[in-house]
Amino acid sequence: MDSSEDGDALKKGDSDGSISELLNFTCCAQTLISELLLLSGRVPHEFGDSRFDSVLFDLRYLDSPDDFEEKIESNSHLAALDDQLRETCSVFLQRFLLLMNGIALYYRDLVKYLNDLQEGVYVQSTLDSVLEMQRCRQLLSESLVLFGVLLLLLEHRMGGTLREKLLVAFMRLDGSFGTSNLDLIRLLCRAYAPGPGSSFPSSTAFIPSQCVLLKSSFGSMISVQKPEDLFARFPFPKTVVDSIVSCLLHDDLYSQICHYPDPEHRTVALATQAGYLYILLCYSPHFLHDAFVMREIVDRLFKDSWVVPIFMYFTIDLSLSWEKYKVARSSLSFCLSPANVRDICQMHYAKVKDLSSKITSAKSDITHSVDYVLSNSQTLLSLVRNCNVSLRWLFLHRSTSNKKLRDIVISVGDAQQIGEDAMIILFLETSKVEFEVKKLYSELLGGKDSQWKQSKNKAAHNMLQLSEYLSSSGNLSSEFKDESLKGWFGDLSSQIEGDFQVKQHLCEIQTYLQDMFKTLSLQKRTLDTISVISNSTYVWGFVGSFVEKLHKSIEKDSSTVLKLQPFFLKLHSMLEAPVFRLSQGNSVDLQFVSEYYSSELVAYICAILEIIPVTMFNILNDDFACNLQPLNFQHRMEKDNLQNLLVIGTQYQLAKAATRIATLSKGILCMSRTFQGIIDLDVAKWLEREIRKELSKRISNILNSFRLLPSVKLQELEENVRALMVSLHTQFQLLEILLGFVHVQGQHIWEEELTFILNHSLQQEYCKYVERRKQDLCCMQEINNLSNPETFLGRLLHQILLLTHPSQSMFLEPMSGWFDAGGHELLGLHFFDLFESCVGPFGLSSLDCALYFLIVGHLEQALSGLRSLLDTRFMEDFEALGNALGPATSIPLLGLSSYDRIIKMTEKSWEQWVVCLAYVGQLQLLRCVISSKLKSACKVNAGAVSFAVEQLVDSLFHCNGKDVDHERPSQEKYTDMESFLHQMNKQRMLCGSLSPLRIQYIAGSPPSQIGRFASIVTISQLSRYVLDIHLGALTCRTKKLVLDFCPLIIGLGTFLRQNDSSLRDYVKYMGQYVRTLAETTLGHSENPYKRPVDPTSEVLKSAFWLMYFCKYMEVPKDLLDSCLPPSLLSILEN
């Protein structure tokens, strides 16, 4: 491209309007190319899906559109596909048409400008005057060449068939058949069929959405058959094209030869012109048949290379592209001869060997001495230049599409034991030297004036000291007088030979004077040369193959990461070429183009760096944690035990692993500092995201390893949870060590990732549960059966529900645990302590959420089941019972006999409904235990926060005038205050300060008289229990297993809690039953009701049930006192 002086001139403007006109053309072309590359990577998958072939048409559609439309409208399946295409692809199609229209406008305007230029329409500009100015020649060449690049890239990235389908699809979906420039657009989109007999591979018809850089190297090789036929569709004035061809052939258009003084590097210096010339020869193919011209072209531009970059990293292969042209092929015959190819390969491979050792030595010298750069700048430039030239040739020609030549190039490298790995290593080392040289040279250039003054002052000071010394008026280090030397330098040589101090000062003066001359030699032009010779745009077509090799290198040697920083900065040079003209012209598209290429670079950088967090975790494996374990948390060590801790082998392995981690961390931190303002990538944040990703994968693997047999005992369950805890704690410990190296806090990362995994597990189980409920909605069965769970949370919850099943366990409140009939603990606080230490409060909270949605499901099932049980017959008997019992405050005239008929009806038919309530109680008890654990954990770990939250919540609830504990988290619309209070309740649930027994879980109005229904069901169940005064609970009357009393009473209370009035009615009706039972069995009526069981225990049992119900459900004591005789309450309390 232009030199910096030319760029400045362009920015200031020029009297000739041609510069600004041509600059606008080049800016527009660069923008169109960027848009083309972007869209070609985002083609909707429908255009590559064979199912849509029936609704995607080529340009033949335009001949008879009605026939095609009728075919689609008559077929419902095709109509559905057409609608889907319309919905998903309309935005892309609009953008595609804008691109095609932009290319058509570009061609139309450029042709008009060239014709006007030839005809002398512009007063101050003619074709001759434009060609006389170097900047104008550059811009004119680029304007034509970039349009040719657009044509080739269209064919390469979006084949003709795809373009036709896209155009027709837009015209059909938009209904627009009169688009401006339609003829040119159709010409651009028409499929290109050059004819048979070509050895080219077919052009790409569909490229899925993915990063261009990560494709294979052959994705950058443009293979278009007979491109001159394609270019003939869009001709330019022959005079203009021929004039530019002449300029490219005879001039150094971009003044590159001065940066490549070696004649062997001439083709590299003129490589840009060579690519341009190839494009222009497609406009003027008659040159390809002119032997004299082709010989001159090949000798100047292609004498030792046949793979030529034409734009950015896109290349062409002359051995195939010119194969059909006899004269052009003949001109290349010597270049393509196997002997010549082998000789060139041997030369470059030999240079790779030699340069590898030189570049390593130079890197070491540069690191230790700035003077080395100052003294050997030309040597370093030559070294860097030779490295880049050899690497460039080898990378380009190892990718040739000519199999015969490619085999020669690769076989010569194999014979010299130099493969792509060695070339990548040299590329990394060269990047490092370039980076250091450029940085040091920039610093020297920036301090040029101060360095000159410093050396001058030191030299002058030494000269003054030497003058005083020789005149005897001063001394250097001791008194010395010599009358024969008082003429200053008269007869100096004979005296200096015998004076060491004088010789030393003269040597110092010589050094300072040399430094002054070296400082004078510092020029900005040297930095320009470094930038030119280090340009690596060509390598972007091959970096996809770098990824895997660099990954292996990083895994093997961590110090490779230290070389990536200059490597990425070297690749950053690609961003300069496409935006250079845009920045000169202050184009509004500058940001779009730069963002596109920056995103390509960032995607490639991320693809390479993604191995770093994986390698870090692999280094810090379980063995590392085991070796580190004896040293953990030992702030003080006994002197006698010190020898046992210092195991040399173990310490060496730990130090080795720590060194590797530190090296990786150093590389990341260097990139993080250097990339700021250069590459749009925050490496620190990216590394944190990647560490999170790898950590999440490892935690998921650990949790997924938690698998148990269908039925286990508490001991086995706790052992598995304990093993899980050890694995998770090990990973957490390794994470803290790792993040300590990269200066990132690990605690919040661990908690957030673990919480995310548990929430994801919870979401999976919830979705499965909802699906199962849809299938069993009308069935009264156990819907918390989590058999065959797929997640850790599901498997754990399945085992907990099995151990605490209401028919196989008994919950004892004083012990806060579940026990079997033999008194053995099935599940208790110890397990939840262990589980909390394993996954923390967030794990307990996730388990609590799982129990929550199970409770909601059971309550909805219970409500649905209740409505189905209240049939006509039952309601008739129930109304008769209501008439017989009278108000809840009275005692029925018929006593207990009033209950007999309705009790017999409910004992069996309502069994499933009772079981469903027992499951609700089981889940509620588990939630209560978890809530207790959460509360204690919050008090211990965040006591001040817990207290502050509680005080805030109490104040808010007091101001709001109602207790939001009773509000259910439904999808109803909240006011701002209610929404805030609802969110506060969620936080209270995390802190364990929100009682599960006070929550309203479901919406919907229950049937009327639900309190009396529940009391009848309770009375029917009481006969199965006896009061155990030792346990303080109701237990089974017989050996037959029945539902545990505690979950049943809590489940019933939770169901009634969904409507507070029903809860109060239930207490009143149960109080009526207890009073009736007491009056009948303990009173003095003449015909007492005879029951087959101990009457005293029946009264106490019923009262005990009611009293505990009121206790769990927090029923006001005055209501209970009004329902039960004080004497009976006194007996129960004692």
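Residues numbered from 1 in each chain as written. Predicted model: local features only at pLDDT ≥ 70, side-chain atom pairs only at ≥ 80, totals over all residues. Heavy atoms only, no water.

## Side note on the overall build of the protein chain
Helix and strand counts for the protein chain come out as 49 helices and seven strands. Here the protein chain holds 1134 residues, and the buried ones make up 53% of them. Put simply, of all contacts in the protein chain between residues at least 6 apart along the chain, 81% involve residues at least 24 apart. Carbon and sulfur atoms form 53% of the exposed surface of the protein chain, whose accessible area is close to 51,600 Å². (Helix = DSSP H or I, 4+ residues; strand = E, 2+ residues; numbered from the N terminus. Buried < 20%, exposed > 50% of the residue type's maximum accessible area, 1.4 Å probe, protein only. Contact = heavy atoms within 4.5 Å. Areas by Shrake-Rupley, 256 points an atom, 1.4 Å probe, with all protein chains shown as cover.)

## Here's the deal with the sheet that holds strand 4 (residues 817-819)
Pairing is antiparallel in the open sheet, where three strands are placed in the order 3-4-5. Of all strands in the sheet, those bounded by a partner on one side alone are strand 3 (810-812) and strand 5 (825-827). On average, each strand axis in the sheet is tilted by 45° relative to the strand beside it, whichever way the strands run. (Pairing = 2+ DSSP bridges. Axes fitted to C-alpha atoms, helices over the stretch in contact; angles between N-to-C directions.)

## Describing the pattern of salt bridges
Taken as a whole, this structure holds 38 salt bridges when the rule is applied. Between Lys570 and Glu434 there is a salt bridge, with the nearest N and O atoms lying 2.9 Å from each other. Here Lys570, found in helix 27 (residues 564-571), pairs with Glu434, found in helix 21 (residues 420-446); they are 136 residues apart in sequence, far enough to count as distant. Each member of the pair, Lys570 together with Glu434, is buried. Here Glu1114 makes a salt bridge to Arg998, at a shortest N to O gap of 3.7 Å. Here Glu1114, found in the loop between helix 47 (1095-1112) and helix 48 (1117-1123), pairs with Arg998, found in the loop between helix 43 (976-991) and helix 44 (1010-1022); they are 116 residues apart in sequence, far enough to count as distant. A single network of salt bridges, built from pairs that share partners, joins Glu69, Asp82, Arg86 and Arg172. (Salt bridge = Lys/Arg side-chain N within 4 Å of Asp/Glu carboxyl O.)

## Points about the pairing of strand 1 (residues 307-311)
Successive side chains on a regular strand alternate, one facing one side of the sheet and the next facing the other. Within strand 1, five of the five residues are buried, which leaves it mostly tucked inside the rest of the structure. In the sheet, strand 1 pairs with strand 2 (residues 314-317) via four bridges, with the strands oriented antiparallel. Residue pairing for strand 2: Pro309 is matched across the bridge by Thr315. Taking the residues that link successive antiparallel strands as the turn, the strand 1-strand 2 hairpin has two residues, and the phi of Met312 there is positive, at about 50°.

## A look at the environment of Asp183
Within the fold, Asp183 resides in helix 8 (residues 182-189). Considered as a pair, Asp183 and Ala104 are 79 residues apart in the sequence and their alpha carbons are 9.1 Å apart.

## Here we look at the packing of helix 4 (residues 76-119) against helix 8
Contact pair helix 4 / helix 8: the axes reach a minimum separation of 9 Å and the direction vectors enclose 105°. With respect to helix 8, the axis of helix 4 lies roughly perpendicular. Touching Phe96, Leu97, Met100, Asn101, Ile103, Ala104, Tyr107 and Arg108 of helix 4 are Leu184, Ile185, Leu188 and Cys189, all from helix 8. Split into classes, the residues belonging to the contact of helix 4 with helix 8 amount to ten nonpolar, one polar and one charged. (Parallel < 35°, antiparallel > 145°, perpendicular 65-115°, else oblique. Nonpolar A, V, L, I, M, F, W, Y, C, P; charged D, E, K, R; others polar.)

## Focus: the packing of aromatic side chains
Applying the stated criterion to the full structure yields 45 aromatic pairs. Summarising the aromatic geometry, the rings of Tyr106 and Phe147 are spaced 6.1 Å apart at their centres and angled 15° between planes, so their arrangement reads as stacked. Taken as a pair, Tyr106 in helix 4 and Phe147 in helix 6 (residues 134-157) lie far apart in primary sequence, 41 residues in all. When the ring centre of Tyr538 is taken as origin, the NZ or CZ atom of Arg392, which lies over that ring, is 5.8 Å away. (Phe/Tyr/Trp six-rings, centres within 6.5 Å; stacked < 30°, edge-to-face > 60°. Lys NZ or Arg CZ within 6 Å of the ring centre and 35° of its normal.)

## Thoughts on the environment of Lys432
The topology assignment puts Lys432 in helix 21. In this structure, the C-alpha to C-alpha distance between Lys432 and Gln565, residues 133 residues apart in sequence, is 8.2 Å. In this view, Lys432 contacts Lys363, Leu562 and Pro566; residues no more than four positions away in its chain are not counted.

## Overview of helix 35 (residues 714-741)
Compared with the 40 Å implied by 1.5 Å per residue over 28 residues, the 41 Å span of helix 35 between its first and last C-alpha is a close match. Looking one or two places after helix 35, you find His743, whose phi comes out positive at around 60°. (Expected span 1.5 Å × (residues − 1).)

## Examining unusual backbone geometry
With phi around 45°, Lys226 is a residue other than glycine that occupies positive phi space. Along the chain, Lys226 turns up in the loop between helix 8 and helix 9 (227-231). Exposure remark for Lys226: the relative accessible area of 37% places this residue in the partly exposed category. Here Gln1009, not a glycine, exhibits a phi torsion of approximately 65°, which is positive.

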